[in-house]
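In case you want the letters, here they are:
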There are 2 protein chains.
Amino acid sequence: MTAGDGSEDTVEAIMEATYRALCTHGYPATSISKIADEFAKSKSLLYYHYEDKEDLLEDFLQYLLDRFEAELTAIETEEPTARLHAVLDRLIPTDLDTDGLRFRRALLEIRSQAPYHDAYHEQFERSDELVLETLVDTIEAGIEDGSFRAVNSQETAEFLYSTAYGAIERGVTLEDMSILERGRTSIDAYIETQLVRYA
Amino acid sequence: MTAGDGSEDTVEAIMEATYRALCTHGYPATSISKIADEFAKSKSLLYYHYEDKEDLLEDFLQYLLDRFEAELTAIETEEPTARLHAVLDRLIPTDLDTDGLRFRRALLEIRSQAPYHDAYHEQFERSDELVLETLVDTIEAGIEDGSFRAVNSQETAEFLYSTAYGAIERGVTLEDMSILERGRTSIDAYIETQLVRYA
């Protein structure tokens, strides 16, 4: 955002309004005026900052990415297996409430439009990089301290991410949380049998 | 389609026009008039059969599902490992040309709209069932003839499908075919090390 008013509160309020509009209407039906409807402050303030939905969503995706990065950084546990599970809890949550599910749905809709909007493409590419780096670092720490087998960390990270991503996408588009739950169970089994090294 | 003209050729021509419109414009920008532009026969014939895009796409998804089912049925090889790879070749092709990539992209866009259209939801649910049944049958045949280990066929099928789906979705939205290629390599490695049983 090219915000000139300098208020962190305003940015936060705009982002929250965007989140609520996306949860309620989904991506195609979310317009800047629908976001304005969810915005408690002056609507002109919102229109002043953003000329269209794409412009606003670009900032929104950046905001989400920053939050996601902060969440990953906040994971305190150092023990590699527990740390890997903590990362997966954030990647493939199985306790999504209705709003959480709707929001994931909106995010997938936006991602499906990445080929048409360079700014979306860039944010999702960075988001994938962040996930993969986090997984690779965790796997490598586990190999180093002997918790994990000497797997190819890059390939394993990408395999785990694609599996988690596929289960989320399939489950969210069919509104079937059991797909996410079974996905997570399978991933946990994979980690247990293929990655964890028992002395 | 509630086609009353009985011409298989007309149905085929409408479906091909839909395919071309989706490849060219993507889902949101594909309108019934854009499909009509791709349709060589009388446009009024198309408007006569379909009142809107959703109505036409419902038939289009059914058409795709029938074709996909025919493709899977046409796999002749009986040997379980080769058969599993043949199914995966259809699920996660790594040799997509530009049109193929664009079409997959449009399909993901349509799927992202499944929560808003019951008819889409139903088709994608059936499509997932078809994939999972095919994988389960292949895995069970392999367990039976001793080619595969005695894994849980349902869980393994779903794990393989989610991984393939996630790699396709990630690759197609970021227009990066290498994600599909690496996904397929990892799946092949999983089959080789976890599923195939060596005497």
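Residues numbered from 1 in each chain as written. Chains lettered and ligands numbered in written order. Predicted model: local features only at pLDDT ≥ 70, side-chain atom pairs only at ≥ 80, totals over all residues. Heavy atoms only, no water.

## What to know about the nonpolar core
Soluble, globular proteins show a tendency: their nonpolar side chains are buried together. Within the largest apolar cluster, 70 residues are counted, with the highest numbers of intra-cluster contacts made by Leu135 and Ile191 of chain A together with Leu135 and Ile191 of chain B. Apart from the residues within four sequence positions on either side, Leu135 of chain B is in contact with Leu84, Val87, Leu91, Ala157 and Tyr161 of chain B. (Core = buried A, V, L, I, M, F, W, Y, C linked by side-chain atoms within 4.5 Å. Buried < 20%, exposed > 50% of the residue type's maximum accessible area, 1.4 Å probe, protein only. Contact = heavy atoms within 4.5 Å.)

## Points about the interface of chain B and chain A
Tallying the contact residues gives 38 residues for chain B and 38 residues for chain A. Together, the buried faces of chain B and chain A total about 3200 Å²; carbon and sulfur atoms form 55% of this surface. By the criterion of area lost to chain A, the three top residues of chain B are Phe159, Arg170 and Leu174 of chain B, representing 21% of everything that side buries. The interface formed by chain B and chain A holds 14 residue pairs in polar contact (both at pLDDT 80 or more) in total. The set of elements that each furnish at least two residues to the side of chain B that touches chain A consists of α1 (8-29), α6 (98-112), α7 (118-144), α8 (153-173) and α9 (177-195) of chain B. For the side of chain B that touches chain A, the element with the highest residue contribution is α8 of chain B, accounting for 13 residues. (Buried area = accessible area lost by both parts, 1.4 Å probe. Polar contact = N/O pair within 3.5 Å; in protein donor to acceptor, adjacent residues only side chain to side chain. Helix = DSSP H or I, 4+ residues; strand = E, 2+ residues; numbered from the N terminus.)

## A look at the packing of aromatic side chains
Scanning the entire structure with this criterion turns up 16 aromatic pairs over all chains. The structure contains a cluster of three or more aromatic residues connected by ring pairs, namely Tyr19, Phe60, Tyr63 and Phe103 of chain A. (Phe/Tyr/Trp six-rings, centres within 6.5 Å; stacked < 30°, edge-to-face > 60°.)

## Here we look at the pattern of salt bridges
In the structure shown here, the tally under the stated rule is 17 salt bridges over all chains. With its nearest N and O atoms 3.7 Å apart, the salt bridge here joins Glu158 of chain B to Arg170 of chain A. One end of the pair, Glu158 of chain B, is in helix α8; the other, Arg170 of chain A, is in helix α8 (residues 153-173), on a second chain. Taken individually, Glu158 of chain B and Arg170 of chain A each receive the classification buried, so the pair is uniform in this respect. Linking Asp188 of chain B and Arg184 of chain B is a salt bridge whose minimum nitrogen-to-oxygen distance equals 3.1 Å. Taken as a pair, Asp188 of chain B and Arg184 of chain B lie in helix α9 at a separation of four residues, close to a single helical turn. (Salt bridge = Lys/Arg side-chain N within 4 Å of Asp/Glu carboxyl O.)

## Re the side chain of Glu169 of chain A
Positionally, Glu169 of chain A belongs in helix α8. One buried charge, Glu169 of chain A, has no salt-bridge partner; the nearest side chain with opposite charge is Arg111 of chain B, at 5.1 Å. Beyond its immediate sequence surroundings of up to four residues, Glu169 of chain A is in contact with Leu108 of chain A together with Tyr165 and Glu169 of chain B. (Lys, Arg positive; Asp, Glu negative; His and termini not counted.)

## A word on the environment of Gly100 of chain B
Residue and element names in this part refer to chain B. Along the chain, the position of Gly100 falls in helix α6. By relative accessible area, Gly100 is classed as buried at 12%. For the pair formed by Gly100 and Glu79, sequence separation is 21 residues and the distance between their alpha carbons is 28 Å.

## Notes on the environment of Val131 of chain B
Examined against the element boundaries, Val131 of chain B turns out to sit in helix α7. Ignoring sequence-local partners within four residues, the contact set of Val131 of chain B consists of Phe68, Leu91 and Tyr161 of chain B.

## Considering unusual backbone geometry
With the exception of glycine, most residues fall at negative phi, and the peptide bonds are largely trans. Phi is positive for Glu175 of chain A, which is not a glycine, with a value near 50°. Counting through the fold element by element, Glu175 of chain A comes out in the loop between α8 and α9 (177-195).

## Side note on helix α6 (residues 98-112) of chain A
Over its 15 residues, α6 of chain A runs 21 Å from end to end, which matches the ideal 21 Å to within 8%, given 1.5 Å per residue. All buried positions along α6 of chain A are accounted for by Gly100, Leu101, Phe103, Arg105, Ala106, Leu108, Glu109, Ile110, Arg111 and Ser112 of chain A. (Expected span 1.5 Å × (residues − 1).)

## A short note on the packing of helix α5 (residues 80-91) of chain B against α7 of chain B
Axes are the key here: two packed helices are described by the angle between their axes and the distance separating the axes. All names here are of chain B. Where α5 contacts α7, the axes come no closer than 9 Å and their chain directions differ by 165°. Judged by the inter-axis angle, α5 sits roughly antiparallel to α7. When the axes of α5 and α7 are compared, the crossing they make is left-handed. Across from Pro80, Arg83, Leu84, Val87 and Leu91 in α5, the residues of α7 making contact are Val131, Thr134, Leu135, Thr138, Ala141 and Gly142. Here the contact of α5 with α7 is built from residues that sort into seven nonpolar, three polar and one charged. (Axes fitted to C-alpha atoms, helices over the stretch in contact; angles between N-to-C directions. Parallel < 35°, antiparallel > 145°, perpendicular 65-115°, else oblique. Left-handed = near helix turned anticlockwise from the far one by under 90°. Nonpolar A, V, L, I, M, F, W, Y, C, P; charged D, E, K, R; others polar.)

## Notes on the relation of the copies chain B and chain A
Under the fitted operation, chain B is carried onto chain A by 0.0 Å of movement along the axis and a turn of 180°, and the coordinates agree to an RMSD of 0.0 Å. Considering both components of the superposition, the chain copies are consistent with a two-fold axis. (Least-squares fit on C-alpha atoms with pLDDT ≥ 70 in both.)

## Describing the confidence of the model for chain A
Overall, the predicted model of chain A reaches an average pLDDT of 91, with 96% of residues at or above 70. Across the assembled chains, the prediction reports ipTM 0.90 with pTM 0.91. (pLDDT = per-residue confidence, 0-100.)

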